[in-house]
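Observations on chain architecture
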Amino acid sequence: MGWQYGRWVVDHPLPLGASARPEVGATVRAGDPLATGSLLGSPIRVDGARRLGVEPRDIDRVARVPVGANVARGTVLARTGRRFARAVTAPVDGRLVHRSHEGDFYVAPITGSWTVRASMDGTVTRSDDATVSVEGSAWSLSAVAAYGPDAFGELALGVDAPSDALSPARVDVRMHGKILVGGARIAAEAITRAHACDVAGLVAGAAPAGGLRVVYGDDVTASGSATIEDRPTILCLIGFGSGPLPNEIYRPFVSFSGRRAAINVASARLFVFAPEALLDGTVEAPALVLAGDFGGVRALEGPTSLTGVTHFASDAYCEGLSTKDGVVPIPNVLPYDAPR
Amino acid sequence: MTAEQTPPPRRRTVDVALESRLRRWTIEDQDGQVTLIDSAAVPAGEPFAGDVPLHVGYGGVMRIAVLAGGAADLERVLRRAVLASGAELVLLLHANDARSFTERAAALRDARPDLVLVLAAERREADRIVDLVEALRFGCADQSPAPRVVVAGDAHAALRLKAAAATFAVELLSDPRRPDGLSAFAHRGRDFRRGTDPNVVLRDEALEELARLVAARGSDALVVDVSGGSTSLVRASVRGAVTAAHVAPLGSGVAADRTVVRAGLDGVRRWIPWSIDAPTMLERVFNRARWPDAVAAEASALALEIALAHEATSHAHADAAAAGMADALRDAPITIVTGAAASFTRVAHTALVAIDGLASRRPTTLYRDADEGLVALAAVAAHIRSAGGDPASAVGDELARRLVPIALVVPVTPGRRSRLRVNGIEHRADELVPGAFFSVRHRGDADVEVTGTPVKTRGTAGELGIIIDARGRPLALPARDAERIPALVKWFAALDLAVTGLS
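What follows is about the overall build of chain B. Each helix and strand in chain B was counted, giving 14 helices and 22 strands. The C-alpha atoms of chain B give 24 Å as radius of gyration, which agrees with the globular expectation for 503 residues (23 Å, within 12%). Principal axes of the C-alpha set define a box for chain B whose edges measure 80 × 70 × 45 Å. Buried residues in chain B amount to 53% of all 503 residues. By sequence separation, contacts in chain B at least 24 residues apart represent 71% of the contacts at least 6 residues apart.

Check the secondary structure of chain A and you find five helices and 29 strands. In summary, chain A has a C-alpha radius of gyration of 26 Å against a globular reference of 20 Å for 340 residues, an excess of more than 25%. Counting only C-alpha atoms and orienting by the principal axes, one finds that chain A spans roughly 90 × 45 × 35 Å. The proportion of buried residues among the 340 residues of chain A is 48%. In chain A, 62% of the contacts between residues at least 6 apart in sequence involve partners at least 24 apart.

Moving on, we come to the domain arrangement of chain B. Domain boundaries assigned for chain B yield domain 1 (10–57), domain 2 (63–194) and domain 3 (218–247 + 331–369 + 404–501). On a C-alpha basis, the centroid separation for the pair domain 2 of chain B and domain 3 of chain B is 40 Å.

This part takes up the nonpolar core. All names here are of chain B. Formed by 273 residues in total, the largest nonpolar core has its most connected members in Leu161 and Ala351. Top element by residues in this core is helix 10 (residues 299–322). It accounts for eleven residues. For Leu161, the contacting residues outside a window of four places in its chain are Val118, Ala120, Ala126, Ile129, Val130, Val133 and Val151.

When the terminal C-alpha atoms of helix 11 (residues 347–358) of chain B are compared, their 17 Å separation across twelve residues agrees well with the 16 Å that a helix rising 1.5 Å per residue should span. Ala359 of chain B sits one or two positions beyond helix 11 of chain B and adopts a positive phi of about 50°.

Looking now at the interface of chain B and chain A. Chain B puts 45 residues into the contact, and the matching count from chain A is 44 residues. Those elements that provide at least two residues to the side of chain B that touches chain A are helix 2 (101–111), helix 3 (126–140), helix 4 (155–164), helix 7 (256–263), helix 9 (278–289) and helix 10 of chain B. No other element matches helix 9 of chain B, which puts ten residues into the side of chain B that touches chain A.

All names here are of chain A. For strand 3 (residues 27–28) and strand 12 (residues 122–127), the ladder comprises two bridges, and the chain directions are antiparallel. The residue of strand 12 that forms the bridge with Thr27 is Thr123. Two elements, strand 12 and strand 13 (residues 131–142), share four bridges in a ladder whose sense is antiparallel. Across the sheet, Ser127 pairs through a bridge with Val132, a residue of strand 13.

All names here are of chain B. Summarising the element assignment, Arg160 is placed in helix 4. Look at Arg160 and you get buried, because 20 C-beta atoms sit within 10 Å. For the pair Arg160 and Arg484, spaced 324 residues apart in sequence, the C-alpha separation works out to 57 Å.

As a further point, take the packing of helix 3 of chain B against helix 4 of chain B. Residues and elements named next belong to chain B. With their axes 10 Å apart at the nearest point, helix 3 and helix 4 run at an angle of 20° to one another. Classified by the interaxial angle, the pair formed by helix 3 and helix 4 is roughly parallel. When you trace helix 3 past helix 4, the crossing you get is right-handed. On helix 4, the residues that touch Ala126, Ile129, Val130, Val133 and Glu134 of helix 3 are Ala157, Arg160, Leu161 and Ala164. Considering only residue class, the contact of helix 3 with helix 4 consists of seven nonpolar, no polar and two charged.

Before going further, it helps to spend a moment on helix 7 of chain B. Residue and element names in this part refer to chain B. Most of helix 7 sits out of view: seven of its eight residues are buried. What helix 7 keeps buried is the set Ala256, Asp257, Arg258, Thr259, Val260, Arg262 and Ala263. Backbone geometry just after helix 7 places Gly264 at a positive phi near 85°.

Moving on, we get to the packing of helix 7 of chain B against helix 10 of chain B. Residue and element names in this part refer to chain B. Closest axis-to-axis distance for the helix 7/helix 10 pair is 10 Å, and the angle between their directions is 60°. As summarised for this structure, helix 7 and helix 10 are arranged oblique, according to the angle between their axes. Crossing of helix 7 against helix 10: the hand is left-handed. Only Leu308, Glu311, Ala312 and His315 of helix 10 make contact with helix 7, whose side of the interface consists of Ala256, Thr259, Arg262 and Ala263. Considering only residue class, the contact of helix 7 with helix 10 consists of four nonpolar, two polar and two charged.

Parameters and conventions
Residues numbered from 1 in each chain as written. Chains lettered and ligands numbered in written order. Predicted model: local features only at pLDDT ≥ 70, side-chain atom pairs only at ≥ 80, totals over all residues. Helix = DSSP H or I, 4+ residues; strand = E, 2+ residues; numbered from the N terminus. Rg over C-alpha atoms; globule rule 2.2 N^0.38 Å. Buried ≥ 20, exposed ≤ 12 C-beta atoms within 10 Å, placed from the backbone. Contact = placed C-beta atoms within 7 Å. Domains from an automatic or database assignment. Core = buried A, V, L, I, M, F, W, Y, C linked by C-beta atoms within 7 Å. Expected span 1.5 Å × (residues − 1). Pairing = 2+ DSSP bridges. Axes fitted to C-alpha atoms, helices over the stretch in contact; angles between N-to-C directions. Parallel < 35°, antiparallel > 145°, perpendicular 65-115°, else oblique. Left-handed = near helix turned anticlockwise from the far one by under 90°. Nonpolar A, V, L, I, M, F, W, Y, C, P; charged D, E, K, R; others polar.

Printed below as a string of structure tokens:
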């Protein structure tokens with residue numbers, strides 16, 4: 001498959017403390033703020049039901065402030081309406097973040113704010129404090145892994161050929177805010193340079209695993225990791241190490257150059273917001289082959305033939321496939337979009 | 001008068017899930033006796049004509065968060081419960097956790113647990129654990145699907161915790177500190193992972209059944225299973241008691257990257273018998289992790305898989321040790337290796353993974369599975385047992401045919417005058433000194449004695465003969481490549497020579 005035009009639903013998980021988010025049915029555009037919220041400090045627990053002398057299940061009846069509202073110090077959180085009134089007030093400026101099952105209030109000071117941006121042009125189909133989902137149409141390309149925060153910007157080519165590596169020399173401040181397309185590999189230095197030049201994101205056939213470890217920490221895995229902190233965004237399309245892009249995948253990047261695009265890290269997908277007619281969507285991407293030493297991934301090209309059970313250099317016996325680069329084990333050949 | 005005709009044998013299929021493919025076994029059932037006929041590797045989802053196959057799989061992933069009191073012994077129990085259930089422990093929050101309410105809630109939201117175990121060992125801990133449950137409500141109230149909550153422990157505290165977590169689906173279970181509670185929690189976890197298909201046997205269950213069947217023949221048995229995405233150590237006693245640690249994600253295939261995160265790059269690299277730089281190795285690990293059922297076509301890739309299997313085994317054992325099961329899951333008179341660690345072409349590679357990964361201090365007879373046959377057989381047995389039948393009579397003969405020993409492994413700390421005697425005959429061909437690692441050609445039963453040491457054992461040798469391991473415990477590898485690589489090459493060569501030397 002490879003490039004596909006279609007309707008996609010993209011989930012945007014939200015951190016704790018959302019204060020504004022769109023209604024279901026609202027229209028959003030990739031890159032625009034989708035939800036905002038507060039970074040919360042250590043909350044203070046305030047006795048509620050016990051202090052007011054009501055049952056926990058009755059606290060709703062006497063509460064004056066909804067959970068999630070900002071409060072100033074002294075704001076009445078709940079109050080009984082008897083002749084000798086009893087009230088519970090906010091101890092600090094902040095936010096009423098939670099109400100316990102025993103009817104107590106948690107008020108947390110606000111220490112900062114966060115913003116989650118949409119990575120799809122479309123309509124909001126789900127909106128709650130955990131996730132906002134957006135459904136829309138776009139060209140899309142799946143990848144093997146993505147790292148960093150979601151990224152948005154114009155697509156720009158950073159290499160001249162699909163087998164080239166994106167070198168640091170090709171990255172400069174003119175690429176600011178763009179999603180840069182590399183070829184077979186992103187040099188480790190290009191990642192840090194791109195981040196310094198405020199490049200929105202990097203896309204390439206493969207990324208150096210050692211470089212990912214340097215940038216994202218020793219816990220980084222091959223499954224990718226979505227973050228909200230300010231880190232580089234990297235999309236590895238076919239593998240790690242070296243991964244020359246097949247022409248069927250690279251050529252559309254040339255056509256899409258200058259178009260708006262977004263990288264959704266959680267789903268490891270690139271979305272390009274371009275008309276459906278711009279590309280022939282029936283072009284199939286070739287199968288991929290894993291190198292015998294697992295050191296890289298390449299496209300399966302040229303004539304092939306089955307070799308039956310074959311003895312490989314590792315002493316393994318397995319059904320083989322003869323390719324122009326030698327015989328490879330059949331399980332090491334997968335369709336481009338195979339789940340992995 | 002006519003002779004009663006023997007009914008035709010009934011054929012069934014057992015699919016053993018690998019990473020993305022299946023090992024499809026055809027089995028024959030005649031007069032209540034099960035026989036394995038043949039097998040083939042097929043892509044998952046390949047259509048099958050006939051009865052619905054029995055499927056041996058890993059089940060769904062169960063991400064589990066634990067909210068518990070602060071007692072150290074409690075943590076051991078909790079770890080044991082999680083290891084028995086095959087779940088992935090994504091967060092362990094103690095009542096005395098230093099983080100704020102908001103930070104705890106954020107950690108729970110990020111962890112996205114499928115199941116939350118809330119355990120109050122004592123009544124007086126209830127208040128602090130209720131705070132943790134409130135953090136769960138704050139963090140995961142809108143999670144979809146919502147996590148299920150299992151409450152256990154002191155009865156009064158459990159009722160309070162149940163009330164606090166009432167916005168979720170809550171169930172009460174027995175205290176996992178009791179054996180019945182541990183078993184109930186493991187079953188609950190497995191039910192969650194298995195789903196509702198009656199023809200699914202979890203790989204954990206099959207491995208436990210395999211250990212039980214082998215132990216029923218008269219010796220405690222330890223099953224070491226290293227697969228692409230999980231690693232299990234299971235010991236069964238002659239009386240049928242099972243101790244198990246199923247660790248996921250940790251393995252030599254699709255979880256290779258997680259194994260490296262646990263063990264560190266140098267931890268894995270030290271088992272590779274040549275020099276390799278860390279970035280290159282990491283790229284290979286990442287590609288392997290994202291390529292299910294990849295075949296190592298070159299020797300360097302094979303060495304990587306062997307190194308990953310070593311570390312997966314030793315880290316699974318480390319997890320078991322943290323749960324207080326260290327000795328039980330290492331030293332057994334019979335050790336059976338299954339999964340990816342048993343699928344290396346050379347038997348010697350399997351033996352090295354088991355010997356070095358476990359670093360057992362006791363002699364053991366080593367077996368290995370071929371093409372997941374023992375796992376398929378054990379799955380049939382588990383299916384029979386779950387239906388109320390006695391699997392031993394049905395699969396016993398086939399099990400005996402399939403269990404072929406590969407080596408008798410004898411760890412020893414020799415003295416200056418120690419001598420090795422096999423069946424009473426002194427072995428002089430190899431020097432028995434500290435650090436020695438060699439194989440004595442022998443097949444069949446053997447009495448092995450090392451004079452001047454407590455080692456006097458009886459076991460069964462196979463293709464690799466009797467492996468004498470005097471390298472000491474814990475096994476230490478030199479840090480410098482110049483010393484480490486020759487040591488590894490020597491150990492590899494010791495077993496390979498034994499293989500090639502046998503006629």
